Amino acid sequence: MRVLCVAAARPNFMKVKPVVDALEAAGLETVLVHTGQHYDADMSEVFFDDLGLRPPDHHLGVGSGTQAEQAARVMTAFEPLVNKLRPDQLVVVGDVTSTMACALVGAKTGCLVAHVEAGLRSRDWTMPEEINRVVTDRVSDILLAPSPDAVENLRSEGYRVDQIHLVGNVMVDTLLANLDRARQRPVWSGLGVEPGSYGLVTLHRPDNVDDPQQLRTILGALGEIARRMPLVFPVHPRTRSTLDGLGIPDGLSLLPPAGYLDFIALESAAAVVLTDSGGVQEETTVLGVPCLTLRDNTERPITVTEGTNQVVGRNPDSIVSTTFKVLEEGVVKRRPALWDGRAGERIGEVLARAEPGAHRRPTEQL
Ligand code: UDP
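Reading guide: rules and limits
- Residues numbered from 1 in each chain as written.
- Predicted model: local features only at pLDDT ≥ 70, side-chain atom pairs only at ≥ 80, totals over all residues.
- Heavy atoms only, no water.
- Pairing = 2+ DSSP bridges.
- Helix = DSSP H or I, 4+ residues; strand = E, 2+ residues; numbered from the N terminus.
- Axes fitted to C-alpha atoms, helices over the stretch in contact; angles between N-to-C directions.
- Contact = heavy atoms within 4.5 Å.
- Buried < 20%, exposed > 50% of the residue type's maximum accessible area, 1.4 Å probe, protein only.
- Polar contact = N/O pair within 3.5 Å; in protein donor to acceptor, adjacent residues only side chain to side chain.
- 1 Å grid on protein atoms, 1.4 Å probe; cavity = no way out; pocket = protein on both sides within 12 Å on 5 of 7 lines; lining within 4 Å.
- Points joined across faces, edges and corners; volume = space filled by probe spheres on them.
- Nonpolar A, V, L, I, M, F, W, Y, C, P; charged D, E, K, R; others polar.
- Near = heavy atom within 4 Å.
- Areas by Shrake-Rupley, 256 points an atom, 1.4 Å probe, with all protein chains shown as cover.
- Salt bridge = Lys/Arg side-chain N within 4 Å of Asp/Glu carboxyl O.
- Expected span 1.5 Å × (residues − 1).
- Phe/Tyr/Trp six-rings, centres within 6.5 Å; stacked < 30°, edge-to-face > 60°.

Section: the sheet that holds strand β12 (residues 291-293)
- Reading across the sheet, the 6 strands line up as β10-β9-β8-β11-β12-β13 and stay open at both edges, with parallel pairing between neighbours. Looking at which strands have only one partner, the edges of the open sheet turn out to be β10 (252-255) and β13 (309-311). Between one strand and the next, the sheet's axes are offset by a mean angle of 20 degrees, whatever the strand orientation.
- Along the sheet face, helix α11 (residues 260-268) touches β8 (199-202), β9 (231-234) and β11 (272-275) and points at about 135 degrees away from the line of β8.

A closer look at helix α12 (residues 278-287)
- Among the 10 residues of α12, 10 are classified as buried, and the element is accordingly described as predominantly covered.
- Residues of α12 that are buried include every one of G278, G279, V280, Q281, E282, E283, T284, T285, V286 and L287, and no others.
- The backbone nitrogen of G279 has a side-chain oxygen 3.3 Å away, supplied by the residue at the start of α12, namely S277.

Re the sheet that holds strand β4 (residues 89-93)
- Read from one edge to the other, the open sheet built from 7 strands follows the order β3-β2-β1-β4-β5-β6-β7, with strand pairing classed as parallel. Each end of this open sheet is capped by a strand with a single partner; those strands are β3 (58-59) and β7 (164-166).
- Bridge count between strand β1 (residues 2-7) and β4: 3 bridges; the pairing is parallel. Bridge pairing in β4 places V3 opposite Q89.
- With respect to the sheet, helix α1 (residues 10-25) is in contact with β1, β2 (29-34), β4 and β5 (112-116), its orientation differing from that of β1 by roughly 165 degrees.

With respect to the layout of surface pockets
- Its boundaries defined by the atoms lining it, the largest pocket holds a volume of some 1000 Å³.
- Taken together, 46 residues make up the lining of the largest pocket; nearest its centre are P11, H38, M43, H204 and H236.
- Of all the secondary-structure elements, those providing two or more residues to the lining of the largest pocket are α1, α3 (67-85), α5 (128-139), α10 (237-243), α11 and α12.
- Grouping the amino acids of the lining of the largest pocket by side-chain chemistry returns 18 nonpolar, 16 polar and 12 charged.

Comments concerning the site of the ligand
- Close contacts around the ligand come from 18 residues, with A258, S277, G278, G279 and E283 the closest.
- Here H204 contributes a side-chain N or O atom positioned 3.3 Å from an oxygen atom of the ligand.
- At a separation of 2.7 Å, an oxygen atom of the ligand approaches a polar side-chain atom of S277.
- For the ligand, the protein covers 98% of the area, taking 530 Å² as the surface of the free molecule.
- Elements that contribute at least two residues to the shell around the ligand include exactly α1, α11 and α12.
- Residue composition of the shell around the ligand, grouped by class: 10 nonpolar, 5 polar and 3 charged.

A short note on the pattern of salt bridges
- Taken as a whole, this structure holds 23 salt bridges when the rule is applied.
- Put simply, D162 and R160 hold a salt bridge, and the shortest N to O gap is 2.9 Å.
- On the basis of relative accessible area, D162 is assigned to the partly exposed category, the value being 43%.
- With a closest N to O distance of 2.6 Å, D210 and R238 form a salt bridge. Of this pair, D210 sits in the loop between α8 (206-209) and α9 (212-226) while R238 sits in helix α10, placing them 28 residues apart in sequence.

Observations concerning helix α14 (residues 316-329)
- Relative to the 20 Å expected for 14 residues at 1.5 Å per residue, α14 spans 20 Å between its end C-alpha atoms, a close match to the ideal helical length.
- Contacts from the buried residues of α14 go to α9, β11, β12 and β13.
- Where α14 begins, the capping side chain belongs to N315, and its oxygen is found 2.8 Å from the backbone nitrogen of D317.
- Where α14 ends, the next residue or the one after it, G330, has phi of about 75 degrees, a positive value.

Considerations on the packing of aromatic side chains
- Across all of its chains, the model carries 3 aromatic pairs by this definition.
- Ring geometry for F13 and F48: centres 5.1 Å apart, planes at 55 degrees, overall tilted. Of the two residues, F13 is situated in helix α1 and F48 in helix α2 (residues 45-51); the sequence distance between them amounts to 35 residues.
- Under the relative-accessibility criterion, F13 is labelled buried at 0%.
- Classification of F48 by relative accessible area gives buried; the value is 10%.
- Each member of the aromatic cluster is reached from another via a ring pair, and the members are F13, F47, F48 and Y260.

Now the structure itself:
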């Protein structure tokens, strides 16, 4: 059986690695495709090096563009490859534009499509990722869910029980596999911070970073926090262009995007993390590090109910007051079931026994 796995952007590489490993261990022919949605060395290449992910077999080189341009370029480049390779299965991960575009091509060319991280819903249609999630699930045959809430979403949308598999969280597989190695890296020296005595910031959601006024408001809150505790902020390329025109508060250190091992070293020793990232909400839960999500919603509610995450919104007063409260009172440390480092293995088992003819049936209700 030939399985084609797609990775496209920073949050994909750590998700695809355990899947590729599991498929290869199960003896399936595995072909890795990089669409090139992220192409800078520090948003792509460093992850292959840090994770020991083998170089992609095919690179589509789509580059950046608007949502439509990217989706169109991915589909146009991916379709001939699928026609040439004729895979039995296509595996897509996460919620980026390439995830959706490749899933559409896979469904239309008749491969069995499997979605890793199925069923997550923010119910916020202003997020391009939410549209990608819903469309990808709708055209996928095998829905690999990270948590019971995701299973519940899929059930209530009418997907068949036999399509849905609760497998756990592949991002956690990669985190647990690399944590000891990451913690040995001398990432703190040179930054002027000590483990346990700084906050870590990441921001890249369009709602937070595209509008200079909105970003200035968040920077105001970060400046207040930085008067009490230094903040380290590896800046996403999307955020950089808006930040360049704004004043940076004292105590907030801007860095280039961090490589994976450096980032999880910084994350695991932070006193608090302020973020709008999806993956960072999950990793902080597993690391037991307090996380404040600077958004109005999350597609990962289990990180709140069974983790260290709080969705604080974007009001500067509540960002500052919740940060200080968390620093004083700490948080309860819990870890969701099946976030145990073995999600890739479970996915390998599901895909190895998938029946090629058992797809293309409608959902129960739709
Ligand atoms: N990450 C990283 N360097 C950074 C920021 C994040 O390696 O400077 C990692 C982080 O550990 C997590 C993933 O990138 O594994 C999350 O990706 P991102 O925040 O870009 O996307 P999202 O999860 O929001 O889709």
